[in-house]
Amino acid sequence: TGSMGDEIEFLKLELEDVIRNTMERYSSLSLRAASVFYRDKGDVYVTHHVAFNDDLLKTITFIKLQSAGGGGDTPEAVDDALSTALDSLQWNPQARTRLLFLVLDAPPHNEAKERIRQLTLKAAAKGFRIVPVACSGTDKSTEFLLRSMALATNGTYAFLTNHSKVGNNHIEPTTDTYEVEMLGKLLQRIIGQYLTAQDCRADSKNLVQQPVKQPENILSVKLFP
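Residues numbered from 1 in each chain as written. Predicted model: local features only at pLDDT ≥ 70, side-chain atom pairs only at ≥ 80, totals over all residues. Heavy atoms only, no water.

Asks: How do you make sense of the pattern of salt bridges when you look at a structure like this?
Replies: Between side chains of opposite charge, a pair can form when the charged atoms approach closely. With the rule as written, the count across this model stands at 11 salt bridges. With a closest N to O distance of 2.6 Å, Lys-41 and Asp-80 form a salt bridge. Of this pair, Lys-41 sits in the loop between strand 1 (33-38) and strand 2 (47-53) while Asp-80 sits in helix 3 (residues 78-87), and the two are 39 residues apart along the sequence. According to the relative accessible area criterion, Asp-80 is buried, its value standing at 16%. Of the charged contacts, one joins Asp-87 and Lys-122 as a salt bridge, the two residues approaching to 2.7 Å between their closest N and O atoms. With Asp-87 in helix 3 and Lys-122 in helix 4 (residues 113-125), this pair connects stretches of sequence that are 35 residues apart. Given the relative accessible area of 42%, Asp-87 is considered partly exposed. A residue is classified by how much of its surface remains accessible, and Lys-122, at 28% relative accessible area, is partly exposed. Members of the salt-bridge network, linked through shared partners, are Lys-41, Asp-79, Asp-80 and Arg-115. (Salt bridge = Lys/Arg side-chain N within 4 Å of Asp/Glu carboxyl O. Helix = DSSP H or I, 4+ residues; strand = E, 2+ residues; numbered from the N terminus. Buried < 20%, exposed > 50% of the residue type's maximum accessible area, 1.4 Å probe, protein only.)

As structure tokens, this is what we get:
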């Protein structure tokens, strides 16, 4: 929405670089990218997206053409955006890594909080890692919500700081310490961290073989590698 106007051009350029560099670095892998932009109910659109495809330029061009606008109140249609991202992008069920970057500066509407919880559970059950990127204007309650979404899906919480000199004021994160790095490098590092996994070998000293009982309710189980 309009509140993203102070940072959207910066973010569009950064995301383009992240997509290009990731595709080039991991050219031996089958990588696909999709994008969802969202505003709020009553705006020109609520969600607007391009599904996963092998054409890098199609996704990048879609991102380039988007702009900030609409809104009016602080909350936004975060739940609609998350629903579209989970259900309308044609995710590959065989993919070994599914990353969902949620870039935002405002919380969902109060009446959507339960839906956000259910969508987060759904993402976790399907193996989607949510990586929130908190922009200027994010308040403490929104930070805690985003951290919870990241934790629930084994993702990573990321945030912009005033060191960037881009956009309006950014809150200090609630943490003991953190290191500042360029956003593009951070996102590429996060992607690389989740793309690579050490192979299990039969002679591994840490390998434990035991049967796993299928639970009745998959949403109540959390699995950690």
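Okay, back to it.
Asks: Honestly, the packing of aromatic side chains in this entry has me stumped. Any pointers?
Replies: Note on aromatic pairs: each is described by the distance of the centres and the angle between the planes. What the rule picks out here adds up to five aromatic pairs. Taking the centre distance of 5.9 Å and the plane angle of 70 degrees together, the rings of Phe-37 and Phe-62 count as edge-to-face. Residue Phe-37 is found in strand 1, and its partner Phe-62 is found in helix 2 (residues 56-64); the two are separated by 25 residues along the sequence. Judged on exposure class, the residue Phe-37 and its partner Phe-62 are both buried. Aromatic side chains Phe-159 and Tyr-178 sit 5.3 Å apart centroid to centroid with 80 degrees between the ring planes, which places their arrangement in the edge-to-face category. With Phe-159 in strand 5 (residues 158-159) and Tyr-178 in the loop between strand 5 and helix 6 (183-195), this residue pair connects regions lying 19 residues apart in the sequence. (Phe/Tyr/Trp six-rings, centres within 6.5 Å; stacked < 30°, edge-to-face > 60°.)

Asks: When you look at the sheet that holds strand 3 (residues 98-104) in this model, what are you seeing that I'm missing?
Replies: Sheets are built from strands paired through backbone hydrogen bonds, the pairs being either parallel or antiparallel. Pairing within the open sheet is parallel, and its three strands lie in the order 3-4-5. Strand pairing shows two members of the sheet lacking a second neighbour, strand 3 and strand 5, which therefore form its edges. (Pairing = 2+ DSSP bridges.)

Asks: Would you mind showing me how to read the side chain of Asn-53 here?
Replies: One can find Asn-53 in strand 2. The buried category is assigned to Asn-53, whose relative accessible area is 13%. For Asn-53, the side chain forms a polar contact with the main-chain oxygen of Ala-51, separated by 2.8 Å. At 3.4 Å, the side chain of Asn-53 and the side chain of Thr-59 are in polar contact. Beyond its immediate chain neighbours, meaning those up to four positions away, Asn-53 contacts Arg-32, Ala-33, Lys-58 and Thr-59. (Polar contact = N/O pair within 3.5 Å; in protein donor to acceptor, adjacent residues only side chain to side chain. Contact = heavy atoms within 4.5 Å.)

Asks: Can you help me understand the packing of helix 1 (residues 8-25) against helix 6 in this one?
Replies: Two quantities define a packed helix pair, namely the angle between the axes and the distance from one axis to the other. Put simply, helix 1 and helix 6 touch, their axes get as near as 9 Å, and they point 40 degrees apart. For the element pair helix 1 / helix 6, the angle class is oblique. The two elements helix 1 and helix 6 cross, and the hand of that crossing is right-handed. Contacts from Phe-10, Leu-11, Glu-14, Leu-15, Asp-17, Val-18, Asn-21 and Thr-22 in helix 1 reach Leu-183, Gly-184, Leu-187, Gln-188 and Ile-191 in helix 6. Among the residues making up the contact of helix 1 with helix 6, the classes are represented as seven nonpolar, four polar and two charged. (Axes fitted to C-alpha atoms, helices over the stretch in contact; angles between N-to-C directions. Parallel < 35°, antiparallel > 145°, perpendicular 65-115°, else oblique. Left-handed = near helix turned anticlockwise from the far one by under 90°. Nonpolar A, V, L, I, M, F, W, Y, C, P; charged D, E, K, R; others polar.)

Asks: Quick question: what am I supposed to make of unusual backbone geometry here?
Replies: Glycine aside, the phi torsion of most residues is negative, and most peptide linkages are trans. Phi at Gln-90 is positive, roughly 65 degrees, even though this residue is not glycine. Here Gln-90 is to be found in the loop between helix 3 and strand 3. On the basis of relative accessibility, which here comes to 57%, the residue Gln-90 falls in the exposed class. The phi torsion at Lys-165 lies on the positive side, around 60 degrees, for a residue other than glycine. Of note, Lys-165 is situated in the loop between strand 5 and helix 6. What makes Lys-165 exposed here is its relative accessible area of 76%.

Asks: Can you help me understand the nonpolar core in this one?
Replies: For soluble globular proteins, nonpolar side chains are generally found buried alongside one another. Grouped together as the largest cluster of nonpolar side chains are 23 residues, with contacts concentrated most on Leu-82, Leu-86, Leu-100, Leu-102, Leu-146 and Met-149. Counting only elements with at least two residues in this core, the list comes to helix 3, strand 3, helix 4, strand 4 (128-134) and helix 5 (140-152). Looking at this core element by element, the count peaks at five residues for helix 3. Residue contacts for Leu-100: discarding those within four places in its chain leaves Leu-82, Ala-85, Leu-86, Trp-91, Arg-129, Ile-130 and Val-131. Leu-31, Val-131, Ala-158 and Leu-187 belong to the second largest nonpolar core, which has 18 residues in total. (Core = buried A, V, L, I, M, F, W, Y, C linked by side-chain atoms within 4.5 Å.)

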